[in-house]
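Next come the chains, spelled out residue by residue.
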Amino acid sequence: MGPVTESGDLADSKPASGPKQARSRVTRRHLLEAAVSCLAEQGWAGSTVAVVAERAGVSRGAAQYHFPTREALFTAAVAHVAEERSAALIDLFHSRPAARPAVVEALVDLYTGALFRAALQLWVAASNEEQLRPQVTELEARVGRETHRIAVELLGADESVPGVRETVQGLLDMARGLGLANVLTDDGARRARVVAQWSRILDAALG
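Please read these numbers as outputs of a predicted model, since none were measured by experiment. (Residues numbered from 1 in each chain as written. Predicted model: local features only at pLDDT ≥ 70, side-chain atom pairs only at ≥ 80, totals over all residues. Heavy atoms only, no water.)

Caption draft 1: Fine view of the packing of helix 4 (residues 70-94) against helix 7 (residues 133-155). Where helix 4 meets helix 7, the closest approach of the two axes is 11 Å, and the angle between their N-to-C directions is 0 degrees. Taken together, the axes of helix 4 and helix 7 are roughly parallel relative to one another. Residues Glu71, Ala72, Thr75, Val78, Ala79, Ala82, Glu83, Ser86, Leu89, Ile90, Phe93 and His94 of helix 4 form the contact with helix 7, whose own contacting residues are Gln135, Val136, Leu139, Arg142, Val143, Arg149, Ile150, Glu153 and Leu154. Per-class residue counts for the contact of helix 4 with helix 7 are twelve nonpolar, four polar and five charged. (Axes fitted to C-alpha atoms, helices over the stretch in contact; angles between N-to-C directions. Helix = DSSP H or I, 4+ residues; strand = E, 2+ residues; numbered from the N terminus. Parallel < 35°, antiparallel > 145°, perpendicular 65-115°, else oblique. Contact = heavy atoms within 4.5 Å. Nonpolar A, V, L, I, M, F, W, Y, C, P; charged D, E, K, R; others polar.)

In structure tokens, the structure reads:
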């Protein structure tokens, strides 16, 4: 007996065709992006698989075909968008010289907007739900390591120098704090002053 398809029908054992695989990738991408939007706008309580499927324009069965559990859907969604944001950040500065203030501002921007709001909702939910916590803990550690690696690369930081690793991590912790401050109110003016000051701190610490 073959596997069940997204529509619920049995499939034969032959590999999926090219167009079919492409449609499946598009469906998966729509689900991931819709899941992040739902988390950011409606929080964990208001973000169900059915709500995400409706926003993505697919059936609930198709959503569960790609993501058998609610936890799998939302952790995959945050991971997917985080990876896209990281890749876009690297591409931005690989196409032109990376001025340190611009890098600091771009790193801070990672912690504002829909992605950070979605991640925040996921963290809060994980603090109360045992079945979600291991997945979110692993995701946060993985995204944190990758963000730190990107920051080191873009800032030209030499972590063999004592204190440099802690300085870079301090920047990212500060950026997360600014993101939290921005959740309730527009903190743009204060954020700009803090970014300018941290750029000066990094110039002194990193050379």
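Further notes follow.
Caption draft 2: The arrangement of empty space enclosed by the protein in detail. Inspection of every chain in the model, using the stated rule, returns one cavity of 30 Å³ or more. Reported here for the largest cavity is a volume of approximately 290 Å³. Taken together, 18 residues line the largest cavity, and the ones lying closest to its centre are Ala82, Tyr111, Leu115, Val143 and Thr147. Secondary-structure elements contributing two or more residues to the lining of the largest cavity are helix 4, helix 6 (114-128) and helix 7. Broken down by element, the residue count for the lining of the largest cavity peaks at six residues, all from helix 7. When grouped by side-chain class, the residues that make up the lining of the largest cavity number twelve nonpolar, three polar and three charged. (1 Å grid on protein atoms, 1.4 Å probe; cavity = no way out; pocket = protein on both sides within 12 Å on 5 of 7 lines; lining within 4 Å. Points joined across faces, edges and corners; volume = space filled by probe spheres on them.)

Caption draft 3: Representation of the nonpolar core in the model. By size, the foremost hydrophobic cluster in this structure holds 33 residues, and its most contacted members are Leu31, Val52, Leu73, Phe74, Val78 and Leu122. Where this core is concerned, the elements lending two or more residues are helix 1 (18-42), helix 2 (49-56), helix 3 (60-66), helix 4, helix 6 and helix 7. With residues near it in sequence (within four places) discarded, Val78 still touches Val36, Leu39, Leu115, Ala118, Ala119, Leu122 and Leu139. (Core = buried A, V, L, I, M, F, W, Y, C linked by side-chain atoms within 4.5 Å. Buried < 20%, exposed > 50% of the residue type's maximum accessible area, 1.4 Å probe, protein only.)

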